[in-house]
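Residues per chain are reported as follows:
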Amino acid sequence: MRYWICMDDTDMPGTKGTGWLVQEICRELEDLGLGKSSAISRHQLFVHEDIPFTSHNSAMCFELELENQKLEPRLMDYLVSCLETRCQPGSDPGLCVTGPLDKEKQMQLSAFGARAKQAVCTKAAAYALAKNVGIHLSEHGGTGDGIIGALAGTGLRMGGNDGRYRGWYNLGNPGDVVSVADLCAYPFIDTVVRSDGSELSLSDKVVIGSERTKTVRMGFHQVVTTTANETADQTGIALRTITKEEAKQY
């Protein structure tokens, strides 16, 4: 049984971000034998003076393959306990949890996520949508405004084409030429794509753009994205992996 789990607004300035807490939760869920967690994706939401946030206004989402559906009450108790005991004082944590949904409900969630990237959304709208599609949405301290991001992050993750994955990877030194096959040999890389999402062939070669590479979520996969290589005239390689700054667009 697969579940989508998203959290938002668990931290405060000067403390570790929500990503650190979610990473701990993923590790503990596996240690407890509750299931196998996926890589964590970070979804950037609207930045506006009317929206309180710690640093970037982003939600963290992951998927969990639950070992046994009968474990669901234990899973929910654990998640709620984590938020109520580990979130920073003054934060406004929100939690969203859902199992598989039909296409229409997924589209409603994805539309909410897309809207939350461009406009101020309300708790009332978030609760109404969660009730309509039949998923868990709860607040666990402060104003509870984190439910907006938690719901939006879930919709964006389910949409399959938003966000960047938590963590940085050293795939080589800047200027190194590597094959797509070599990159795809890493367990955390599904494929290598152009900026439009089209896949490169395994025999293609790319230039490493920076010391650390960020993977992004595209086509429901964890991918390395490439862009035009400025040194193509010298190297003969048309594409390079994106840099840290370029990854911020995802």
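Description of the structure in this document. (Residues numbered from 1 in each chain as written. Predicted model: local features only at pLDDT ≥ 70, side-chain atom pairs only at ≥ 80, totals over all residues. Heavy atoms only, no water.)

## Concerning the overall build of the protein chain
Alright, step 1. Within the protein chain, the secondary structure is distributed over eight helices and 13 strands.
Alright, step 2. Taking 2.2 N^0.38 as the reference for a compact globule, 250 residues should give roughly 18 Å; the C-alpha atoms of the protein chain span a radius of gyration of 19 Å, in line with that estimate.
Alright, step 3. Overall, the C-alpha framework of the protein chain stretches about 55 × 45 × 40 Å when taken along its three principal axes.
Alright, step 4. When contacts within the protein chain are restricted to residue pairs at least 6 apart in sequence, those whose partners lie at least 24 apart make up 70%.
Alright, step 5. If you sum the accessible surface of the protein chain, you get close to 11800 Å²; carbon and sulfur atoms cover 50% of it.
Alright, step 6. Within the protein chain, one finds 25 positive and 32 negative side-chain charges whose respective centroids are separated by 2 Å. (Helix = DSSP H or I, 4+ residues; strand = E, 2+ residues; numbered from the N terminus. Rg over C-alpha atoms; globule rule 2.2 N^0.38 Å. Contact = heavy atoms within 4.5 Å. Areas by Shrake-Rupley, 256 points an atom, 1.4 Å probe, with all protein chains shown as cover. Lys, Arg positive; Asp, Glu negative; His and termini not counted. Charge placed at Lys NZ, Arg CZ, Asp CG, Glu CD.)

## Things to note about the packing of helix α1 (residues 18–31) against helix α2 (residues 72–86)
Alright, step 1. Between α1 and α2, the least distance of the axes is 12 Å, while the angle of their chain directions is 145°. The two elements α1 and α2 cross, and the hand of that crossing is right-handed. Here L21, E24, I25, E28 and L29 of α1 come into contact with α2, specifically with L75, Y78, L79, C82, L83 and R86.
Alright, step 2. Taken together, the residues that form the contact of α1 with α2 break down as eight nonpolar, no polar and three charged. (Axes fitted to C-alpha atoms, helices over the stretch in contact; angles between N-to-C directions. Left-handed = near helix turned anticlockwise from the far one by under 90°. Nonpolar A, V, L, I, M, F, W, Y, C, P; charged D, E, K, R; others polar.)

## A few points about the environment of L183
Alright, step 1. Relative to the elements of secondary structure, L183 occurs in helix α6 (residues 180–184).
Alright, step 2. Under the relative-accessibility criterion, L183 is labelled buried at 1%.
Alright, step 3. With 147 residues separating them in the primary sequence, L183 and K36 have C-alpha atoms 24 Å apart.
Alright, step 4. With residues up to four places along the chain from it excluded, the contact list for L183 reads L171, V178, I189, V192 and V206. (Buried < 20%, exposed > 50% of the residue type's maximum accessible area, 1.4 Å probe, protein only.)

## Remarks on the packing of aromatic side chains
Aromatic ring pairs are defined here through the distance separating the ring centres and the angle between the ring planes.
Alright, step 1. Counted according to the given criterion, the structure contains two aromatic pairs.
Alright, step 2. Summarising the aromatic geometry, the rings of Y169 and F188 are spaced 3.7 Å apart at their centres and angled 10° between planes, so their arrangement reads as stacked. Remark: F188 occurs in the loop between α6 and β9 (191–193) and Y169 occurs in the loop between β7 (164–165) and β8 (177–179); sequence separation between them is 19 residues. Of the two residues examined, Y169 and F188, each falls in the buried class.
Alright, step 3. Ring-pair connections join several aromatic residues into one group, and the members of that group are Y169, Y186 and F188.
Alright, step 4. Positioned above the aromatic ring of W20, the side-chain terminus of R166 is 4.7 Å from the ring centre. (Phe/Tyr/Trp six-rings, centres within 6.5 Å; stacked < 30°, edge-to-face > 60°. Lys NZ or Arg CZ within 6 Å of the ring centre and 35° of its normal.)

## Focus on the pattern of salt bridges
Alright, step 1. Across all of its chains, the model carries 12 salt bridges by this definition.
Alright, step 2. The residue R217 makes a salt bridge to E63 at a minimum N-O spacing of 3.6 Å. With R217 in strand β11 (residues 216–218) and E63 in strand β4 (residues 58–66), this residue pair connects regions lying 154 residues apart in the sequence.
Alright, step 3. A salt bridge links K248 to E245; its shortest N-O distance comes to 3.2 Å.
Alright, step 4. Note on E245: relative accessible area 54%, which makes it exposed. (Salt bridge = Lys/Arg side-chain N within 4 Å of Asp/Glu carboxyl O.)

## Notes on the side chain of H43
Alright, step 1. Note on placement: H43 falls in strand β3 (residues 41–44).
Alright, step 2. At a separation of 2.8 Å, a polar atom in the side chain of H43 contacts the side chain of S41.
Alright, step 3. The contacts of H43, once residues within four sequence positions are left out, are N57, S58, A59, C61, G153, L156, R157, D162 and G163. (Polar contact = N/O pair within 3.5 Å; in protein donor to acceptor, adjacent residues only side chain to side chain.)

## A look at the pairing of strand β1 (residues 2–8)
Alright, step 1. Here β1 lies mainly inside the structure; six of its seven residues are buried.
Alright, step 2. As judged from the six bridges shared by β1 and β4, these two strands associate in the antiparallel manner. If you follow Y3 over to β4, its bridge partner there is L64.
Alright, step 3. Pairing geometry for β1 and strand β5 (residues 94–98), over five bridges, is antiparallel. Paired with D8 across the two strands is G94, which belongs to β5. (Pairing = 2+ DSSP bridges.)

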